[in-house]
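# Remarks on the overall topology
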Amino acid sequence: MTGAVAPKAGMTISIRTRSDVVVVDPDRFLAAARQALRDRHPGLTGAEAAEAVADVHDAVYALLDRDGALAADAVDGEAVGIGGLLPGTRVSDRPDGLSPAGWLQQVVLDDPQPLQDYGCFLPADPFAVPPIRGG
């Protein structure tokens, strides 16, 4: 933890988050994602959901749209390295076919500008941490 920093008008606070999961059952993963899509769009048939969720990207976005995170129920406040499963251990019985594999968050102060201010032209790497001023 760094020294105390007081908030100031115009300060940009960026939260960079990484959340990893391991697919342990591809069929359950796709089925859970298709159900997530149908939960958000009840008029869809099973066949329409299967057509809309055809690959990993489709499945990830369907679950993110509904839950806000993959394996959202598994985030219990413990980041990587603090309790939790031992390295290489997988959870095989989750209904979504995913094994939560850790998460991290980083707070970055004074990014040169917030994402909103880029409009539709994001920087080349929106996840890059800005250089430390004066360093």
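Let me begin by describing the structure that accompanies this report. Note that the coordinates shown come from a computational prediction; the quantities given were computed from them, not determined experimentally. (Residues numbered from 1 in each chain as written. Predicted model: local features only at pLDDT ≥ 70, side-chain atom pairs only at ≥ 80, totals over all residues. Heavy atoms only, no water.)

## Focus: the pattern of salt bridges
Under the criterion given, the structure shown has seven salt bridges. Of the charged contacts, one joins arginine 66 and aspartate 39 as a salt bridge, the two residues approaching to 2.7 Å between their closest N and O atoms. Taken together, the positions of arginine 66 in helix 3 (residues 56-67) and aspartate 39 in helix 1 (residues 26-40) put the pair 27 residues apart, joining distant regions of the chain. The salt bridge involving aspartate 96 is made with arginine 94; its shortest N-O contact spans 2.8 Å. Comparing aspartate 96 with arginine 94 shows no difference in burial state: the two are buried. (Salt bridge = Lys/Arg side-chain N within 4 Å of Asp/Glu carboxyl O. Helix = DSSP H or I, 4+ residues; strand = E, 2+ residues; numbered from the N terminus. Buried < 20%, exposed > 50% of the residue type's maximum accessible area, 1.4 Å probe, protein only.)

## A short note on the nonpolar core
Formed by Phe29, Ala33, Ala36, Leu37, Ala49, Val53, Ala59, Ala62, Leu63, Leu70 and Leu98, the largest nonpolar core amounts to eleven residues. Of all the secondary-structure elements, those providing two or more residues to this core are helix 1 and helix 3. When residues of this core are assigned to their parent elements, the largest contribution, four residues, is made by helix 1. In this structure, leucine 37 is in contact with Leu44, Ala49, Ala52, Val53 and Ala62, ignoring residues within four places of it in sequence. (Core = buried A, V, L, I, M, F, W, Y, C linked by side-chain atoms within 4.5 Å. Contact = heavy atoms within 4.5 Å.)

## Describing helix 1
Under the 1.5 Å per step criterion, the end-to-end length of helix 1 is 21 Å for 15 residues, consistent within 8% with the ideal 21 Å. Along helix 1, the positions that sit buried rather than exposed are Phe29, Ala32, Ala33, Ala36 and Leu37. Viewed end-on, helix 1 has its buried residues packed into an arc of 140 degrees, placing them on one side of the element. On its buried face, helix 1 sits against strand 1 (13-23), helix 2 (46-52), helix 3 and strand 2 (98-109). By the N-cap criterion, in which a side-chain oxygen at the helix start approaches the backbone nitrogen of a residue two or three places on, helix 1 is capped by aspartate 25, the distance to aspartate 27 being 3.1 Å. (Expected span 1.5 Å × (residues − 1). Arc of directions from axis to C-beta. Polar contact = N/O pair within 3.5 Å; in protein donor to acceptor, adjacent residues only side chain to side chain.)

## With respect to the packing of helix 1 against helix 3
The relative placement of two packed helices comes down to the angle between their axes together with the axis-to-axis distance. Orientation of helix 1 relative to helix 3, taken along the N-to-C sense of each, is 50 degrees, at an axis distance of 8 Å. As judged from the angle between their axes, helix 1 and helix 3 are oblique. Regarding helix 1 and helix 3, the two cross each other, and that crossing is left-handed. Contacts between helix 1 and helix 3 involve Phe29, Leu30, Ala32, Ala33, Gln35, Ala36, Leu37, Asp39 and Arg40 from the former and Val56, Ala59, Val60, Ala62, Leu63, Asp65 and Arg66 from the latter. Within the contact of helix 1 with helix 3, the residues separate by chemical class into eleven nonpolar, one polar and four charged. (Axes fitted to C-alpha atoms, helices over the stretch in contact; angles between N-to-C directions. Parallel < 35°, antiparallel > 145°, perpendicular 65-115°, else oblique. Left-handed = near helix turned anticlockwise from the far one by under 90°. Nonpolar A, V, L, I, M, F, W, Y, C, P; charged D, E, K, R; others polar.)

## Observations regarding helix 3
Along its twelve residues, helix 3 runs 16 Å from first to last C-alpha, staying within 8% of the 16 Å computed at 1.5 Å per residue. On its buried face, helix 3 sits against helix 1 and strand 2. Its side-chain oxygen 3.1 Å from the backbone nitrogen of histidine 57, aspartate 55 forms the N-cap of helix 3. Of the residues trailing helix 3, glycine 68 is marked for its positive phi of about 85 degrees.

## Re unusual backbone geometry
In this structure, aspartate 110 is a non-glycine residue whose phi angle is positive, near 65 degrees. By secondary structure assignment, the location of aspartate 110 is in the segment after strand 2.

## A closer look at the environment of alanine 49
Mapped onto the elements of the fold, alanine 49 is located in helix 2. Apart from residues no more than four positions distant in its own chain, alanine 49 is found in contact with Arg34, Leu37 and Arg38.

## Some thoughts on the environment of serine 19
Tracing the backbone through its elements, the reader meets serine 19 in strand 1. For serine 19, a relative accessible area of 42% puts it in the partly exposed group. Remark: the alpha-carbon pair of serine 19 and proline 100, spanning 81 residues in sequence, is separated by 8.3 Å. Among residues more than four places away in sequence, those in contact with serine 19 are Gly102 and Trp103.

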